[in-house]
Number of protein chains: 4
Amino acid sequence: MTVRVAVAGASGYAGGELLRLLLSHPEVEIGALTAGGNAGSALGQHHPNLLPLADRVLVETTAAELSGHDVVFLALPHGHSAAIAAELGEDTVVIDCGADHRLNDPEDWSRWYGGEHPGTWPYGVPELPGARERLRGAKRVAVAGCFPTVSSLALAPALAAGLVEPEAVVVAVTGTSGAGRALKPHLLSAEVMGSASVYGVGGAHRHTPEFIQNLSAAAGEPVKVSFTPVLAPMARGILATCSAALREGVSADSAREVYLKAYGDEPFVHVLPEGQWPQTSATLGANTVHLQLAVDPDADRLIVVAAEDNLTKGTAGGAVQCMNIAVGLPETTGLPTVGVAP
Amino acid sequence: MTVRVAVAGASGYAGGELLRLLLSHPEVEIGALTAGGNAGSALGQHHPNLLPLADRVLVETTAAELSGHDVVFLALPHGHSAAIAAELGEDTVVIDCGADHRLNDPEDWSRWYGGEHPGTWPYGVPELPGARERLRGAKRVAVAGCFPTVSSLALAPALAAGLVEPEAVVVAVTGTSGAGRALKPHLLSAEVMGSASVYGVGGAHRHTPEFIQNLSAAAGEPVKVSFTPVLAPMARGILATCSAALREGVSADSAREVYLKAYGDEPFVHVLPEGQWPQTSATLGANTVHLQLAVDPDADRLIVVAAEDNLTKGTAGGAVQCMNIAVGLPETTGLPTVGVAP
Amino acid sequence: MTVRVAVAGASGYAGGELLRLLLSHPEVEIGALTAGGNAGSALGQHHPNLLPLADRVLVETTAAELSGHDVVFLALPHGHSAAIAAELGEDTVVIDCGADHRLNDPEDWSRWYGGEHPGTWPYGVPELPGARERLRGAKRVAVAGCFPTVSSLALAPALAAGLVEPEAVVVAVTGTSGAGRALKPHLLSAEVMGSASVYGVGGAHRHTPEFIQNLSAAAGEPVKVSFTPVLAPMARGILATCSAALREGVSADSAREVYLKAYGDEPFVHVLPEGQWPQTSATLGANTVHLQLAVDPDADRLIVVAAEDNLTKGTAGGAVQCMNIAVGLPETTGLPTVGVAP
Amino acid sequence: MTVRVAVAGASGYAGGELLRLLLSHPEVEIGALTAGGNAGSALGQHHPNLLPLADRVLVETTAAELSGHDVVFLALPHGHSAAIAAELGEDTVVIDCGADHRLNDPEDWSRWYGGEHPGTWPYGVPELPGARERLRGAKRVAVAGCFPTVSSLALAPALAAGLVEPEAVVVAVTGTSGAGRALKPHLLSAEVMGSASVYGVGGAHRHTPEFIQNLSAAAGEPVKVSFTPVLAPMARGILATCSAALREGVSADSAREVYLKAYGDEPFVHVLPEGQWPQTSATLGANTVHLQLAVDPDADRLIVVAAEDNLTKGTAGGAVQCMNIAVGLPETTGLPTVGVAP
């Protein structure tokens, strides 16, 4: 089987990571590569790591350039995917790495992004309950946000099993590639190196409704989520420290049991051996989540810490995993589970 | 007034930072510098930044070498300070940067450190309620831990004013100098750079009882604290994200008011202007805490984020501030409030 | 003596570092702070580390705002200083951190910067032969470039003493603050962290003629210089590895003798003890150069490695040092010699 | 074809990188994994990124454990490979990542490493003239040092073509994983982050004779090499700035021609398009060298800058490439050419 794919937004970080993974995918043939302002330039100028594609010239992001492929990945700014998807027609699988189609509730969309809701697509975290069924054969996929991916995987089993109260606190340390290639002063290297900072505090980050949606679905009741993203001096990686108040009678052993059962057969989500805690470097470039949990008997909380590479499992790897499911390939095809460390 | 000081443990990071600050303190004369395994070597080998002291030779850490000074700073491994302090006598001001004398409760001590409690000394975060009174004229001072310093300052006003429930969640990102100069595999640069990791999860970090002690004192009732330290790829700095469930009727404005009142006159604790969030680089090398707060109306939590330099305000700067108070100098003497950034 | 100073370009990195140093200068009163696009905003938004000046509002960079001060520091883009200096008049000391007035040769200027030569001012590396005399009482000073400062200090003694042939190779690793606060893609943190890169290779960097000018003056004959700047993942610091072919009969001891003689009495340039090599962290935030040398008997070369903080000794510290000399203060007034490490 | 391999020294960085590459090599089956002090522990404790091997237990490094494999990789401290190789017999392919068998001249060995020369094996940089022929069918391979690999590839074409004088200056910036997992104070993260430093200056680094051997072979005459390694705050990557005095009449175009001819057909060595300079991140985790050159007409030097990942092309990738050649597989089998960036 050969899947012919196009990537829209190929000069950004998500686009580059998609191409890195697709280059080693055995069933994929890489077709059109499109960009906005960078159209007309060679891909190698933007991604010198992608040697086999260095001379490929980026073309304009239009439906005409993107049509004629089996799968089109969209790595575009928010708000651009619905129009393009409509033009591509129902036969093309469209996998959107942006936020446009993640939220179920049109009011949530209007509150957080403004404007009219572009509609909801099957949600791209296959390991969440019920997600795989919706992704199989899907022609449209909404890849999850990088923070909600890792944090939802960290907390969903506990909420689903009723181990904790429906109120979660998530503090997630992230590398700066998650912010994309935008030229913003606070992303300048001299600002970032040697410093930790926060942003979007107090429920101001746009991933918040996605957290709530995922965790409430897992819990079967509304879950309150306090989410704080912390910027750390590293290019890639998210380490999410997630906690919630324990329900009575929950022991460390029973909590561990729940997680082993939830993820024991998952190829990409790994509950680490007892005593070993996640570090983002172990997931660098891999489509994996590493997690570990603890019960704090004095604070009466369950703490789950999970690591991923925000560009891989958190974006492009998750997208390729969804493509595999959507087109009927084995889910793990072409996806690395071994990180590049140290 | 000239204060003659000695530093025990001068070859470590806390010792080096003490000397950096003491070198620019206008009322201090630096006397004996002692070390354990590094005794006999020149200070410049361990701290090439301390040029004016480069040729000073480290002597053995003994009471004999340390006696005859007005103030002795101890930057020693846990468990070594009580014996030395006893030998130095009551006339010498002893300022302990270690943990030995921070905890009030002998049982806490035994549980977290083992062995018999070496006794409680006045606690070295002057900005906490009542602390200055105990530090004035004190002959013994227990400098606070780096995590409890910044986090207690972040949460104490809210707990004292009854803004929040007595249950706090603290996730604090730290640079690696906080672990000292120990040769441990997980502190090797190739492990740390490009990676975030956690340790001491689930109430396992020894600073936890210090948090609880400080916050319970502020609240006037027992406070549960869930504390998770996260190691980030930077040499210095702590960014603590602290949150607690809001009590009814607390608004963002009223919360801000409480903090402005608590810290408006403090020279070293700064509530940032609205809209500006802390970054550790702004405190690098300065004896300051920068903090900002938000109310999350959906999650019903107060979030306070605070930054400090773990070696300065979190250790050596806090120690010098305590010395100033103890010996009767103006509290701000010789202490920088301007960080080195970017 | 109170020196009233203004800083033009206060929102950039050089401007921020000037203010950091001037805040602890005992004889300085800080007057107008000006900016280009950032005029109208508070300084604290750009430099949250400069707490005592956080509320100061930046005004437009005009001669009217800058006049009426004893000393005006210019931290402006190239090409802007001559016009402003002309308006300020001869009574004001103008210290230019830009490149406009560094080169002696108008043709060099035209070749490297284009346009007409704005004229030559006394050159701001006081430790170079003859420089102090020209700086004393000067009303105009051209602060040296960050790379030429450290590299000229590294090689000038050897060339002046005839230890080496007049052909030098300099490879200087630099932190990214040297590039200023410009929003350029290659300065984004995700590009820089975890990566080393080069630019301006093959004599293409504009500091090259400044190297040649300084080293030729030291040698008393034209010196060829091959200069390569390397960008490393750190915010501050330059480590310059400088080498030249040895002349016959030069031993390691005789070379060391030359450097000890050249710098033995200098307060800011330190020849490290034998066996100890420079590291940039030891100079962080200090107005110092640390250097060490070796003779390679197989390669027949002298290698001198020197470290500085590009923003301190390499720019703002050098500027304040020149101000001290120009206005008749002791040269070391207000300038730190102790770096912030680790 | 299935090649059964063992890795001695599997808990170190070179061992870990070998395993990362071997896990995705389609013709390899991974057999024994041995260690010294870490024998008895699970591999996952040392390399959490190597998920598929996490539960494999390390055994003692003995010939008995290593025998019975087609290929044995040795990633051991210097001086240990000859004895083990002798016990393994002539039928086993032994690929030594250490220095023991790289040098041709027994006197060089004694001078730089001490003791008796353990003998010379075919040298593992296949792209150097004549190397492939010696590696084909070889039963013993000496993998090259990380610095000599990239620097020899950078300069050999120019020397072979007579473009430059036989005197080279190499300043190579390296990440800290090149120093291995040794617990040395200068490798602690707090020392390394935010700082650049040097070591082994003046011809004191043990890779120097390997440079001289390679470059002299390329030039056909003795070449003098001045080599300075610079430690930068990153985990992986070497950026080597290499230069030599131009011979008369050499133009930029003719120099470029020489390099395009030398490497145009090489799968792992890439001369970048004009105007694009190497950055180590583009080679991260890939078995590639990226290089670019410039002629400096004022300094009369050729400058070649080359980047590699010290653990991949510089060690483990080079080793696997040699294995492929030695056992008769296509040279590129299982080796990535796409780096993980940003």
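Reading the values: rules and limits
- Residues numbered from 1 in each chain as written.
- Chains lettered and ligands numbered in written order.
- Predicted model: local features only at pLDDT ≥ 70, side-chain atom pairs only at ≥ 80, totals over all residues.
- Heavy atoms only, no water.
- Phe/Tyr/Trp six-rings, centres within 6.5 Å; stacked < 30°, edge-to-face > 60°.
- Helix = DSSP H or I, 4+ residues; strand = E, 2+ residues; numbered from the N terminus.
- Buried < 20%, exposed > 50% of the residue type's maximum accessible area, 1.4 Å probe, protein only.
- Least-squares fit on C-alpha atoms with pLDDT ≥ 70 in both.
- Contact = heavy atoms within 4.5 Å.
- Pairing = 2+ DSSP bridges.
- Axes fitted to C-alpha atoms, helices over the stretch in contact; angles between N-to-C directions.
- Domains from an automatic or database assignment.
- Buried area = accessible area lost by both parts, 1.4 Å probe.
- Polar contact = N/O pair within 3.5 Å; in protein donor to acceptor, adjacent residues only side chain to side chain.

## What about the packing of aromatic side chains?
All names here are of chain A.
1) Next: Under the definition given, this model contains 16 aromatic pairs over all chains.
2) Next: Residues Tyr259 and Tyr263 carry aromatic rings whose centres are separated by 6.4 Å and whose planes lie at 50 degrees to one another, so their mutual orientation is tilted. Here the residue Tyr259 and the residue Tyr263 both occupy positions in helix α10 (residues 252-263), the gap between them amounting to four residues, near one helical turn. The exposure classification of Tyr259 matches that of Tyr263, with both residues buried.

## Some points on the relation of the copies chain A and chain B
1) Next: The two copies are related by a screw motion: chain A maps onto chain B through a turn of 180 degrees and a shift of 0.0 Å along the axis, at an RMSD of 0.0 Å. What the superposition gives is, in effect, a two-fold axis relating one chain to the other.
2) Next: Looking at chain A, 100% of its interface residues are interface residues in chain B too, so the copies touch through the same face.

## Comments concerning the sheet that holds strand β8 (residues 197-198) of chain B
All names here are of chain B.
1) Next: Ordered by their spatial adjacency, seven strands build an open sheet running β8-β9-β7-β10-β13-β12-β11, and the pairing between neighbours is mixed. The open sheet has two free edges, formed respectively by β8 and β11 (269-271), since each of these has just one partner strand.
2) Next: Two strands pair when backbone bridges link them, and strand β10 (residues 238-246) and strand β13 (residues 301-308) are joined in this way by eight bridges, in the antiparallel orientation. Counted as the bridge partner of Cys242 is Val304 from β13.
3) Next: Helix α7 (residues 146-160) contacts β7 (164-174), β9 (224-231), β10, β11, β12 (289-296) and β13 of the sheet and is inclined by roughly 150 degrees relative to β7.

## A look at the domain arrangement of chain A
All names here are of chain A.
1) Next: Segmenting chain A into domains produces domain 1 (3-144 + 315-327) and domain 2 (147-308).
2) Next: One C-alpha centre belongs to domain 1, the other to domain 2, and the line joining them spans 24 Å.
3) Next: Residue-level contacts link 24 residues of domain 1 with 25 residues of domain 2.
4) Next: Of the roughly 2000 Å² buried between domain 1 and domain 2, counting both surfaces, carbon and sulfur atoms make up 51%.
5) Next: Area buried by domain 1 at its contact with domain 2 is led by Tyr13, Trp112 and Glu127, which between them contribute 32% of it.
6) Next: Counting across the interface, domain 1 meets domain 2 through 13 residue pairs in polar contact (both at pLDDT 80 or more).
7) Next: Elements represented by at least two residues in the side of domain 1 that touches domain 2 include exactly α1 (13-23), α5 (106-113) and α11 (312-327).

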